[in-house]
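# Geometric and topological summary
Residues per chain, in single letters:
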Amino acid sequence: MLSISDNSRHGVEGATFLIVGVNHRTGPQLLRERLQGHAGDVLRLLGRCRESGIDQAMAVVTCDRCEVWCVAPDTATAQTKLTGLLAEAGGVTEAEIAPRLHALTDQDALRYAFAVAASLESQIVGEPQVLGQVKELQQLAQHAGMSGPELDRILEGAYQSAKRVRHETGIAGQSVSMAACAVSVLRRMHGDVSNLGGLLIGDGDMAELIFEQVSATGMKRWTMVHPQERRAKGWAERNHAHWGPLGEVPQ
């Protein structure tokens, strides 16, 4: 059983592992989209964590979740701070986001982190991209100076567990992803997609994968909408597509 109770000389005294955030079970898609960001947004969130007195943290921001995984001596205080920081990052009020947040500590948090790394907590179980996403987000935390011995030990245990799951079970028996499922359904419903247009709501990792895989089938006309118009415009410019504000989705 992995434990973080044995403190290293450079660690956090009395450290407890804490996870606070929303995932595909607890938070609606649009709320998760507001909380998702690119590397700069993740680094800003980590910087705010440091300013709030949290020394070891990483932001796990994917299409399925927006969470902060951290090590803190006082979890109640840290949870309150993280609620405010996630609300700030998402452009919502604490009252709006607090009922949607889940908070896990100690062994519950460890089990959850291991399951996330192994892609057991994904909308599509066994999705192969998840482990790489977690590793990239750990690197961002290291770049921000927010890594530490306790958090690194937890993540190393999660990676080893994920490798065992993929090698000792049948979870990797076939290539699965939300994007692959979307392409399969699209082809079954429409056949030739070259005359169709696609509307992407949000620019998360899964949106990028769906865009790439559906574009490869022949769909060339795309429109992006996002709660943050600057991100919709930026995506559209990079991908030679149209963009619009979120309010235009019904139209």
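One can find the structure itself at the top, above this paragraph.
Summary of the structure given here. (Residues numbered from 1 in each chain as written. Predicted model: local features only at pLDDT ≥ 70, side-chain atom pairs only at ≥ 80, totals over all residues. Heavy atoms only, no water.)

Moving on, we get to empty space enclosed by the protein. Remark: the empty space left among the atoms is shown by a probe the size of a water molecule rolled over them. Applying the stated criterion across every chain, the model contains 1 cavity of 30 Å³ or more. What the largest cavity holds in volume is close to 90 Å³. Taken together, 13 residues make up the lining of the largest cavity; nearest its centre are Thr62, Asp64, Glu127, Val130 and Gln133. Secondary-structure elements contributing two or more residues to the lining of the largest cavity are helix H6 (129-143) and helix H9 (205-216). The dominant element in the lining of the largest cavity, judged by the number of residues it contributes, is H6, at 4 residues. Residues belonging to the lining of the largest cavity are distributed by class as follows: 6 nonpolar, 4 polar and 3 charged. (1 Å grid on protein atoms, 1.4 Å probe; cavity = no way out; pocket = protein on both sides within 12 Å on 5 of 7 lines; lining within 4 Å. Points joined across faces, edges and corners; volume = space filled by probe spheres on them. Helix = DSSP H or I, 4+ residues; strand = E, 2+ residues; numbered from the N terminus. Nonpolar A, V, L, I, M, F, W, Y, C, P; charged D, E, K, R; others polar.)

This part takes up the sheet that holds strand S4 (residues 102-105). Pairing is antiparallel across the open sheet formed by 4 strands, whose spatial order is S2-S3-S1-S4. Edge positions in the open sheet fall to strand S2 (56-61) and S4, since each of these has one partner strand only. Pairwise comparison of adjacent strand axes, ignoring direction, gives a mean angle of 15° for this sheet. Taken together, the 6 bridges between S2 and strand S3 (residues 65-72) define a ladder with antiparallel strand orientation. Among the inter-strand pairings, Gln56 is bridged to a residue of S3, identified as Val71. Of the strands in this sheet, S2 and S3 are in contact with helix H2 (residues 39-51), which crosses S2 at around 150°. (Pairing = 2+ DSSP bridges. Axes fitted to C-alpha atoms, helices over the stretch in contact; angles between N-to-C directions. Contact = heavy atoms within 4.5 Å.)

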